[in-house]
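# Secondary and tertiary structure notes
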Amino acid sequence: MTNDMTKGSPIKLILSFMVPLLIGNIFQQFYNMADTIIVGRTISVEALAAVGATGSISFLIVGFVQGVTSGFAVITAQRFGAGSENGIGFQTARILGILGGTVIIVSTTDRILKRAEELRAEGADVKGLIADLMDRQAVQRLTKDIMDEYGRIDVLVNNAGMVQTGVSEDEFDTFEEMSYESWDHDIARNLDIPFNVTKEVLGPMKKSGYGRIVNTSSVTGPVVSNPGEASYSAAK
């Protein structure tokens, strides 16, 4: 039996997903408590202390594994980003559509038009637009066109970045070997885009008295980094 988490009441779906996990964690705590009592009483106090003493080693191993999986997250983002039907942006647009919002999705290629068609087929009010959000004049025109047609912008989700469909990836050079052009392009794509769009929508949001802005970040930068990705890490 499967349950589609993209359909139905979001609050009900979240609670139905959360409660079993919460109950499972409670039972896990009871198990840990019982395990501690059994080890301390039936084996020895030294054995119980040994379990605690090796906790740092366990955390080291877990931390190493998490660091490795963070690297795989970059490959995953390259495969499923940039307008993919499995990407974060598309699923975010789907949720906003389910909630009854009028959704505008933007990409650099006409692939975004197909994504919009798929969402409209599900009953969502969605429009796909093509624009290079690194181009500030293009962002200004885009914002003006949206305001002229819809009269307001209530929510902005800054999700574009890292990978652009139809554009070759820059070389993964070390910081020392990275060209100025590569640095500027990566910063423009991952940091300037949120700035460009946020700056343009703030005025309409303030005028209407309502606005929500969501910035999609990454563990790369705040938590970890990857070789050859100094600019991406700095932007995030």
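Scope of this entry: the structure provided in the associated data block. (Residues numbered from 1 in each chain as written. Predicted model: local features only at pLDDT ≥ 70, side-chain atom pairs only at ≥ 80, totals over all residues. Heavy atoms only, no water.)

## Focus on the pairing of strand 1 (residues 102–107)
Only one face of strand 1 is buried, namely the one carrying V103, I105 and S107, since none of T102, I104 and V106 on the opposite face is buried. The pairing of strand 1 with strand 2 (residues 125–130) spans six bridges and is parallel. When the bridges of strand 2 are listed, S107 appears paired with I130. Handedness of the crossover joining strand 1 and strand 2 through helix 5 (residues 111–121): right-handed. (Buried < 20%, exposed > 50% of the residue type's maximum accessible area, 1.4 Å probe, protein only. Helix = DSSP H or I, 4+ residues; strand = E, 2+ residues; numbered from the N terminus. Pairing = 2+ DSSP bridges. Right-handed = clockwise from strand over helix to strand, strands pointing away.)

## What about the nonpolar core?
Judged by nonpolar contacts, L129, A131, L133, V139, L142, I146, I153, L156, I193, V197, V201 and M205 together constitute the single largest core of twelve residues. Elements represented by at least two residues in this core include exactly helix 6 (136–150) and helix 7 (180–208). If you tally residues by element for this core, the top one is helix 7, at four residues. Ranked by size, the runner-up nonpolar core spans nine residues in total, among them F90, I105, A124 and V126. (Core = buried A, V, L, I, M, F, W, Y, C linked by side-chain atoms within 4.5 Å.)

## Some details on the packing of helix 4 (residues 88–98) against helix 5
Packing of helix 4 against helix 5 brings their axes to within 11 Å, and their N-to-C directions diverge by 30°. As for the relative orientation of helix 4 and helix 5, their crossing is right-handed in sense. Taken together, the residues of helix 5 that come into contact with helix 4 (itself represented by F90, A93 and R94) are R115, E118 and L119. When its residues are assigned to classes, the contact of helix 4 with helix 5 shows three nonpolar, no polar and three charged. (Axes fitted to C-alpha atoms, helices over the stretch in contact; angles between N-to-C directions. Left-handed = near helix turned anticlockwise from the far one by under 90°. Contact = heavy atoms within 4.5 Å. Nonpolar A, V, L, I, M, F, W, Y, C, P; charged D, E, K, R; others polar.)

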